[in-house]
Each structure stands twice: as structure tokens, then as C-alpha cells.
Amino acid sequence: MAIKDLPLEEHYIPGSAACPGCPASMALRMVFKAIGKKMIMVVPACCTSVIESLHPYTSFDIPLLNIAFEAAAAASSGVAAALETMGRDDITVVAWAGDGGTYDIGLQALSGAFERGTNFIYICYNNQIYSNTGIQRSGATPYAAWTTTTVGGKTEFRKEMGEIVQAHHIPYVAQTSIGYPEDVYRKVKKAKEIKGPKYIEILAPCPPGWRFDMSKTAEMGKLAVETGAWALYEVENDKITFNGKSKLILEGKMKRKPVEDWLKLQGRFRHLFVPERDEKRLKEIEDHIDMLWRRYRSWVGIEK
Amino acid sequence: MILSGNYAAAYAAKLARVNVIAAYPITPQTQIIEKLAEFIENGELNARYIRVESEHSAMAACIGAAAVGARPFTATASQGLIYMSEMLWWAAGARLPIVMGVVTRALAPPWSIWSDHSDILSQRDTGWLIFFPESAQEVLDTIIQAYKISEDEEVLLPIAVAWDAFYISHSYEVVDVPFQRNVDNFLPSRKKYKHTLDIDNPFSHGNLVFPEYYMEYRYYIDDASNSSKKIIREVDEEYYKIFGRKYGGLIERYRCDNAEYLFISLGAFSGDIKEAVDRLRNRGYRVGFIRIRCIRPFPSNDIKEVMKDINGAIIIERDFSFGKGGILSTEIKSALYSLNIPIISYIAGIGGRDVGYEDFIKIFQFSYKCFNLENIPEKPIWYGLRVIK
């Protein structure tokens with residue numbers, strides 16, 4: 001599907017308080033297009049608590065429940081249970097959380113909701129930081145990235161949330177990137193039609209958080225995929241399929257670009273290049289991505 | 001039926017036709033949620049049971065369910081209650097009708113599973129209405145009443161019904177379980193409110209507010225809490241008309257007529273205090289007892305009305321605010337500020353230590369001397385304390 005073929009329907013309406021170039025707002029538009037009006041969204045503390053606009057206004061034309069930071073998945077279980085008692089299986093429950101609320105503080109509730117089979121879509125828009133509080137390190141922050149709490153660069157690699165979720169063996173798990181809005185749309189649309197817990201993670205490059213120009217959000221989302229720093233895949237009933245350029249990289253039909261191409265454009269990695277190149281850490285990052293792809297290949301049975 | 005306090009609570013939730021239960025096990029509450037699981041399993045109760053992974057999630061799920069229009073129930077105790085504290089504030093702030101059973105239990109460390117009211121009383125500022133029944137029968141009646149109060153459009157605040165670990169939770173007594181049709185008449189199914197989430201009338205619930213709006217939201221919670229006093233009394237009367245039992249609304253007045261001295265307390269040891277009052281009355285002492293049935297909203301006027309002509313009050317409580325004093329005493333003293341009544345405050349039964357009617361008689365005798373000598377201890381007395389050096 002091409003972008004021009006997306007539905008014209010909009011439930012992301014004017015008045016949003018998002019930053020210019022905000023990836024979450026781009027992703028929200030796709031989510032609303034894919035699901036339509038019949039949804040209830042549960043939002044924990046994250047940038048969307050602001051993006052949705054400030055009382056007494058809203059920029060979302062759908063019912064929304066704000067909830068505490070760690071509680072999106074649990075509150076969604078309550079919403080889904082209530083809808084079941086009313087026989088409303090036509091309404092999609094969507095938890096919409098950032099990486100802090102997913103990887104870190106909300107992980108326990110998320111795991112619980114997946115394990116007990118809550119019928120909802122949990123979408124994590126991953127900008128790899130606590131952005132709403134002003135760029136602090138999260139479990140999703142990549143190695144060596146500057147944040148206000150890792151001023152010399154993060155000393156650990158990010159955790160693989162997609163793998164943690166896969167260990168729950170839920171019907172649908174997907175990773176996508178806002179660099180490919182049609183991929184976001186397609187995956188959300190697919191998840192909507194599946195019963196049970198669904199997880200979609202959208203890589204969401206954040207201009208002020210990653211320190212790049214606000215016009216480059218989509219480009220940064222694409223480069224992350226082309227360099228292999230992020231992978232597009234979907235797992236349906238434990239069967240994994242890589243999508244788009246990630247599929248080409250996986251099958252060796254496209255060589256992944258050097259990760260530097262992506263790092264160099266982000267101020268948060270500037271210390272790896274100036275005043276002099278930090279060869280050690282650059283190699284560690286490259287090696288880590290190689291290791292990740294070896295693992296991906298082993299998942300699909302391609303030995304390398 | 002012969003029921004424990006916990007089973008009475010489960011029967012109450014069933015009679016209230018709760019349709020979403022989200023709960024996590026914790027001693028001494030677990031029997032409630034086991035019984036409810038059993039009711040659902042054998043088809044006696046038509047409800048969704050969310051077996052959450054924590055109490056925090058239990059309350060979050062209740063909030064989600066209530067926001068969409070369900071009638072949720074949960075129960076917890078002690079550590080679990082404190083763990084869900086953040087969501088208690090959320091539930092009240094979101095103005096959602098939710099009823100929760102709290103089996104009061106001491107907080108660790110050191111570990112203790114026995115009764116202590118500090119768990120629920122530490123949550124008294126969350127906006128929840130808080131009831132303290134005295135018996136298994138009252139647990140059942142209060143939970144049914146609580147749904148009616150909580151769902152009243154003038155209230156729309158969550159309610160905690162709190163009863164003592166073991167003394168009430170695990171003690172069996174004869175409990176009159178009402179007929180379902182009578183409860184259905186008393187408590188119709190839950191209404192849809194203006195702020196119930198609805199795809200046909202979309203709005204955002206709980207968006208960020210600037211200082212120009214937040215204060216009003218808080219004021220309305222306080223206003224609703226105060227308005228609930230009238231509703232609590234009315235519901236208690238209405239309940240009486242159908243079921244033949246009432247509890248005095250916010251406070252129970254036990255032999256308060258012509259009393260010179262009053263005990264004030266709440267929870268399980270109220271029964272022993274009543275026994276002590278009877279025995280002291282037989283010996284000629286003009287003594288009565290105010291049982292606080294509802295600590296939020298705080299029944300200041302009800303208490304003042306009963307207390308205006310007495311010579312002294314003895315407050316006995318199973319809770320403490322470190323560095324200050326008994327929580328109940330502090331509240332009562334502030335309510336009685338203008339009356340200048342001598343008050344002696346006792347801390348007793350902490351962590352489930354047994355206190356019986358003989359103890360209350362001893363407490364009275366000591367206090368009686370203090371009142372007559374006009375020598376009122378300023379500090380709370382830790383009754384039965386074994387000082388360990």
C-alpha cells in the first residue's frame with residue numbers, strides 16, 4: 001500500500017501540543033487511520049500525555065483514558081473486561097505507551113496482561129529515551145547515546161523488548177518504524193483483526209531527544225532500518241517474517257549500510273566523532289548490530 | 001448462613017452483581033477473591049475475573065473497567081494496599097465508582113499478618129470514602145450500601161470498606177444473606193455518567209491541566225465527599241426499610257444517652273468496648289460509646305453533637321502516626337477544638353495484640369481517675385506496652 005492509498009479519515013485533529021517533527025504524532029495518525037473511530041485508547045505518562053493536548057481541549061477524536069506511568073496494560077485489561085461484559089467486541093482497546101512506560105516501569109503490568117490474554121493492542125512508540133521528562137536514559141536507549149543521565153554516553157546496550165514480548169507467545173508481535181508509515185498502518189490494521197494480546201513497537205526518532213533537525217524524522221526512521229540498527233519484523237503465532245528492507249538485509253539481498261551513517265546525523269552520538277573518532281565504541285556498536293543480525297538469521301534458519 | 005467476614009464480603013460482591021473483579025492474593029484477604037472465583041466458576045456470578053500480577057494493576061484494571069461503565073470489585077490488605085496507593089489517588093481523581101474490601105493488617109518490617117489500622121488510615125487523604133464495619137454482617141451490608149453510595153451522582157467517589165484481620169476476616173458468625181431480588185431493587189445496575197468512556201461521545205479523560213483548573217478538580221472531590229454524608233445516612237435508612245438493619249449512618253451511638261464519659265473507637269474491638277460499657281453501666285458509671293463507622297468523610301458534626309455535654313472522652317485506636325499520635329485521636333481532637341473536652345488517647349491492639357473488655361474496663365478506671373483529678377496525660381498511652389531495653 002502506498003501512502004496515497006491510506007484512508008482520508010482523521011481522528012488526530014488540530015490542536016495537538018506535539019513538537020514539530022514529532023514521530024509519535026505521525027504514528028498516532030496512522031494508528032487512528034488503521035483502527036478508525038471504534039477504539040478506546042489508554043495512555044500512561046509519556047509525551048502523548050501532552051501531545052493529546054491540554055484540558056479542556058483534546059486533539060484526539062476518540063475516547064481516551066489517561067492512566068499512571070506503569071499502568072497502561074493493566075488499565076487496558078479492565079477496559080477490555082468491561083467491554084466484554086457489555087458484549088462490545090466491535091471496540092478495539094489500544095494501550096499507547098512510550099519506551100519508558102514499556103521497557104521499564106510498565107514491564108510488569110505488560111507481561112501480566114499478555115500472560116492473561118487481554119484482548120488489546122499494546123503499541124510502544126519507542127524514542128529510546130524518557131523524552132517527556134527531558135531526555136533521560138531508558139532501557140531502550142542504545143549503547144553510547146548521550147542523554148541527560150548518561151552524559152558520557154550510555155554504558156549498556158538496550159534490551160530487546162521484541163524478544164521479551166515474543167517469550168509470551170502472544171498471537172501477534174511486530175516491530176516497525178515511523179520511517180515507513182505504510183508499514184505502521186499495515187501492522188496496526190492486521191493487529192486489529194486478531195483476537196488476544198498484540199504488541200507493536202514503532203521506532204520513533206525524536207528530533208530534540210536525538211539531536212537532529214525536525215525535518216528529518218522519517219529519514220532517521222528509515223536509516224535506522226537501512227543500517228540494521230532497527231529491524232522491521234512481525235511474528236504471527238510464533239512464525240517470524242522480516243519486512244521491507246530488513247527482509248532484504250536478512251536474506252543478503254541488500255548490504256546494510258554502516259551504522260555510522262545513522263549515528264553521524266544525531267547529536268546524541270556526536271562524542272563518538274568529535275573531537276576525535278572513538279573507534280572502540282564505534283566498533284562495539286557495529287559488532288553488536290552484527291551479533292543481532294546473526295541472531296535474526298538463526299531465528300529464520302539462515303545460518304551465517 | 002454461618003460466614004466469616006471475608007466470605008460475607010464475597011457474598012456482598014456477588015449480591016451487588018459486580019461484573020469485573022481484578023484481584024491479587026494477600027493474607028488475610030485471599031479468601032474473598034478465592035470465593036469469588038468459585039462463584040464465577042460454578043455460574044453463580046456472571047463477571048470477568050482479571051487475575052492481575054499485582055495490587056497496583058488490580059486497581060488500574062478496576063479504574064479501566066469503571067471508566068467504561070462496569071461495576072468493579074477488588075480486595076487487598078496492608079502491603080498490597082500501600083503498593084496500589086498511587087492508583088487509589090487515581091481512582092478518586094478520576095471520579096469513578098469502585099468498591100474495595102480492605103482487611104486491615106500491620107505493615108512490615110517486621111512481617112506481621114495481624115490486624116492494624118495504619119494501612120488504610122494512611123490512605124485517608126486519597127479521596128476515598130472509608131468505612132469500618134464491626135462484624136461480618138456489617139461487612140456484607142456495608143459493601144452493598146457502598147455501591148449505592150459510590151455510584152450516586154452526587155458522590156462518584158470510590159469506597160474502601162475496611163475490617164480487621166482475623167477478628168473479623170476469619171471469625172465466623174451468623175450472617176443474614178439478603179435475597180438477590182431485594183438487593184436488585186435496592187441497587188439497580190450501574191448508570192452511565194457524562195464521563196463514562198463512549199465511542200459515540202469521545203473525550204479525553206484526565207488530560208493535563210494547568211494551575212487554573214487543577215484546584216477546582218480538588219475542590220469538587222472535597223465537595224462530593226462532604227455531600228456524601230447525607231447520602232450515607234439516607235442509604236443506611238433505605239437499607240433498613242428493605243433489610244431491617246441500619247448502623248447509624250456515619251457513627252453508631254451506643255448507650256450515649258445521659259453519658260458523662262464516652263469511649264470512641266472503630267473496628268473489631270468495638271464489640272468488647274460495648275461489653276465494657278454494659279458492665280460499667282451496671283456498676284453505675286454513666287458511660288457510652290461512639291463507634292466511628294465512617295472515617296472519610298469524617299463525621300465531625302455527628303461526633304460533636306453527641307459529645308457536647310460530656311465530661312471526658314477516651315479514644316482507643318489500633319493505628320499510629322509516628323512523631324504525632326493516634327490518627328483517630330488527632331482527627332477527633334481537631335473536630336472538637338471548640339468544645340474543650342478532656343480527651344485521653346490510647347494506642348492498643350497494634351499488630352493484632354489482643355485487647356478484651358477487661359482491658360477496656362481497666363482503661364476506663366484509669367481514665368476516670370485522670371478526669372476527676374483533672375490530670376489529663378498529654379501524650380497518647382501505649383496500652384500494654386512491654387518496654388524492652
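That block above? That's the structure.
Notes on the structure in this doc start here.

What counts, and where the lines are drawn
- Residues numbered from 1 in each chain as written.
- Chains lettered and ligands numbered in written order.
- Predicted model: local features only at pLDDT ≥ 70, side-chain atom pairs only at ≥ 80, totals over all residues.
- Heavy atoms only, no water.
- Helix = DSSP H or I, 4+ residues; strand = E, 2+ residues; numbered from the N terminus.
- Rg over C-alpha atoms; globule rule 2.2 N^0.38 Å.
- Areas by Shrake-Rupley, 256 points an atom, 1.4 Å probe, with all protein chains shown as cover.
- Lys, Arg positive; Asp, Glu negative; His and termini not counted.
- Charge placed at Lys NZ, Arg CZ, Asp CG, Glu CD.
- Buried < 20%, exposed > 50% of the residue type's maximum accessible area, 1.4 Å probe, protein only.
- Contact = heavy atoms within 4.5 Å.
- Phe/Tyr/Trp six-rings, centres within 6.5 Å; stacked < 30°, edge-to-face > 60°.
- Lys NZ or Arg CZ within 6 Å of the ring centre and 35° of its normal.
- Pairing = 2+ DSSP bridges.

## Quick notes on the overall build of chain A
Moving on, step 1. Along chain A, the regular secondary structure elements total 12 helices and 8 strands.
Moving on, step 2. Its C-alpha atoms give chain A a radius of gyration of 19 Å, within 12% of the compact-globule value 19 Å for 304 residues.
Moving on, step 3. Summarising its shape, the C-alpha atoms of chain A cover approximately 60 × 45 × 40 Å along the three principal directions.
Moving on, step 4. For chain A, the exposed area adds up to about 11500 Å²; of that, 56% sits on carbon and sulfur atoms.
Moving on, step 5. Of the side-chain charges in chain A, 39 are positive and 36 negative, and the distance between the mean point of each set is 3 Å.

## Looking at the overall build of chain B
Moving on, step 1. Each helix and strand in chain B was counted, giving 13 helices and 16 strands.
Moving on, step 2. Against the 2.2 N^0.38 benchmark of 21 Å for 389 residues, chain B shows a C-alpha radius of gyration of 21 Å, consistent with a compact globule.
Moving on, step 3. Taken over the C-alpha atoms alone, chain B extends approximately 70 × 50 × 50 Å along its principal axes.
Moving on, step 4. Per-residue burial over chain B gives 61% buried out of 389 residues.
Moving on, step 5. Restricting the contact set of chain B to residue pairs at least 6 apart, pairs at least 24 apart contribute 80%.
Moving on, step 6. Accessible area of chain B: about 16000 Å², with a carbon and sulfur share of 51%.

## Examining the packing of aromatic side chains
Moving on, step 1. This model, assessed by the stated rule, comprises 36 aromatic pairs over all chains.
Moving on, step 2. Relative to Tyr199(A), the ring of Phe114(A) has its centre 6.1 Å away and its plane inclined at 85°; by these criteria the two rings are edge-to-face. Of this pair, Phe114(A) sits in helix 5 (residues 107-115) while Tyr199(A) sits in strand 6 (residues 197-203), and the two are 85 residues apart along the sequence. Here Phe114(A) and Tyr199(A) have matching classes, each one buried.
Moving on, step 3. Between Trp210(A) and Phe212(A), the ring centres sit 6.2 Å apart and the planes meet at 65°, which makes this aromatic pair edge-to-face.
Moving on, step 4. Judged by its relative accessible area of 0%, Trp210(A) is buried.
Moving on, step 5. Overall, the relative accessible area of 10% leaves Phe212(A) in the buried class.
Moving on, step 6. Counting every residue linked through ring pairs, the aromatic cluster contains Tyr261(B), Phe263(B), Tyr285(B), Phe364(B), Tyr368(B) and Phe371(B).
Moving on, step 7. Above the ring of Tyr7(B), the side-chain terminus of Lys35(B) is found at 5.0 Å from the ring centroid.

## Regarding the side chain of Gln137(B)
Residue and element names in this part refer to chain B.
Moving on, step 1. If you trace the backbone, Gln137 turns up in helix 7 (residues 136-150).
Moving on, step 2. The class for Gln137 is buried, based on a relative accessible area of 9%.
Moving on, step 3. If we ignore the near neighbours within four places in the chain, the residues touching Gln137 are Glu173, Val174, Val175, Asp176, Arg245 and Tyr247.

## Observations regarding the sheet that holds strand 1 (residues 39-43) of chain A
Moving on, step 1. Read across the open sheet, the 9 strands follow the order 8(A)-7(A)-5(A)-6(A)-4(A)-3(A)-1(A)-2(A)-9(B); overall the sheet is mixed. Each end of this open sheet is capped by a strand with a single partner; those strands are strand 8 (239-242) of chain A together with strand 9 (204-205) of chain B.
Moving on, step 2. Pairing geometry for strand 7 (residues 233-236) of chain A and strand 8 of chain A, over 4 bridges, is antiparallel. In the strand pairing of strand 8 of chain A, Glu236(A) is matched with Lys239(A).

## A short note on unusual backbone geometry
Moving on, step 1. With an omega of 0°, the peptide bond running from Thr27(B) to Pro28(B) counts as cis.
Moving on, step 2. The omega angle of the peptide bond from Arg296(B) to Pro297(B) is 0°, so this bond is cis rather than trans.
Moving on, step 3. Structurally, Pro297(B) can be placed in the loop between strand 13 (294-296) and helix 11 (300-307).
Moving on, step 4. For Ile135(A), which is not a glycine, the phi torsion comes out positive at approximately 70°.
Moving on, step 5. The exposure class assigned to Ile135(A) is buried, which follows from its relative accessible area of 10%.
Moving on, step 6. At Asn258(B), a residue that is not glycine, the phi angle is positive and equals roughly 50°.
Moving on, step 7. Mapped onto the fold, Asn258(B) is located in the loop between strand 10 (251-254) and strand 11 (261-265).
Moving on, step 8. By relative accessible area, Asn258(B) is classed as partly exposed at 48%.

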